[in-house]
Amino acid sequence: MKHIICFSGGEASALAAIEAERKYGKENIILLNHNINPKYEDQDIKRFKKEVADYLELPITYANYDGIQDETLLPSQFEVALKKKGFKGYNNTEFCTYELKTKPFYQYLEANFPDKDCIVYYGFGEDELHRVERRKTILNDIEIMSDYPTAIWGGASIRL
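The text that follows walks through the structure, step by step, so that each part is easy to find. For clarity, every value in this text was computed on a predicted model and none was experimentally measured.

**A look at the environment of Ala 16**
Next up, step 1: Residue position: Ala 16 is located in helix H1 (residues 11-24).
Next up, step 2: Given a relative accessible area of 0%, Ala 16 falls into the buried group.
Next up, step 3: Between the alpha carbons of Ala 16 and Arg 131 there is a distance of 15 Å; along the sequence they are 115 residues apart.
Next up, step 4: The residues touching Ala 16, leaving out its near neighbours within four places in the chain, are Ile 5, Tyr 122, Gly 123, Pro 149 and Thr 150.

Okay, structure coming up:
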C-alpha cells in the first residue's frame, strides 16, 4: 500500500508528510505535487518543499499540466483561462484548478494506481473538517481511500 501525500508546499502538508512517514516508513510514501512555473510560485515555497523532501529523504513526484516536466514551460492560471476562453465551465468548475491540479492528479492515480491500492493524505487542519468531509466524498466516489493526519490524528499535537 502506497501513501500519497498531496504535498502543496505549505506547513500542513509538510506535517502530514512527516507524520505519515513516521507511521508507514519512507519506502511507502510518495510526495505528490503539481509543479508551478518559478515565474509564478514564490521561491520560498519551492525552498520549503525541497527542505521537507530532503529531511524525509524522499523525492517530490510531479503530476503536471499536460505532462510538462520542464517547470519553466508550465502555464499560469491566467494562461489556462485564456486558452479555455474563460475562468469557469458550465458546471462551475474553475478551469485553472481543474487543468493545473485536479486533472493531472487523477491522471497520475489512474496511471500509477489502477487497482486503487493507495491512500491519499491531505494536510487539512482541525478547523477544516468541512474540507475533510468534502474531499472524502469526492475520493470515495472514485474508490480512493484518504486520510487527514493534521485534522484527525490529534492535529494540535503535531508540530515540526
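**Re helix H5 (residues 129-141)**
Next up, step 1: Taking 1.5 Å per residue as the helical rise, H5 with its 13 residues ought to reach 18 Å, and the 18 Å between its terminal C-alpha atoms agrees with that figure.
Next up, step 2: Taken residue by residue, H5 has Val 132, Arg 135 and Leu 139 as its buried positions. On an axial view of H5, the arc spanned by its buried residues comes to 75°, and they lie on one face. More than 90 degrees from the buried face of H5, the exposed residues found are His 130, Arg 134 and Asp 141.

**Points about the packing of aromatic side chains**
Next up, step 1: Inspection of the entire model under this criterion finds seven aromatic pairs.
Next up, step 2: Judged by centre distance (6.2 Å) and plane angle (55°), the rings of Tyr 108 and Phe 113 are tilted.
Next up, step 3: Here Phe 113 falls in the buried class, since its relative accessible area comes to 8%.
Next up, step 4: An aromatic cluster is built from Tyr 24, Tyr 121 and Trp 153, whose rings are joined through pairwise contacts.
Next up, step 5: When the ring centre of Trp 153 is taken as origin, the NZ or CZ atom of Lys 23, which lies over that ring, is 4.4 Å away.

**Let's talk about unusual backbone geometry**
Next up, step 1: Non-glycine residue Glu 57 carries a positive phi angle of around 55°.
Next up, step 2: Here Glu 57 shows up in the loop between helix H2 (43-56) and strand E3 (60-62).
Next up, step 3: The phi dihedral of Glu 143 is positive, around 60°, even though this residue is not glycine.
Next up, step 4: Looking at where Glu 143 falls in the secondary structure, it is placed in the loop between H5 and strand E5 (145-147).

Reading the values: the criteria
Residues numbered from 1 in each chain as written. Predicted model: local features only at pLDDT ≥ 70, side-chain atom pairs only at ≥ 80, totals over all residues. Heavy atoms only, no water. Helix = DSSP H or I, 4+ residues; strand = E, 2+ residues; numbered from the N terminus. Buried < 20%, exposed > 50% of the residue type's maximum accessible area, 1.4 Å probe, protein only. Contact = heavy atoms within 4.5 Å. Expected span 1.5 Å × (residues − 1). Arc of directions from axis to C-beta. Phe/Tyr/Trp six-rings, centres within 6.5 Å; stacked < 30°, edge-to-face > 60°. Lys NZ or Arg CZ within 6 Å of the ring centre and 35° of its normal.

On their own, these measurements won't tell you what the molecule is for.
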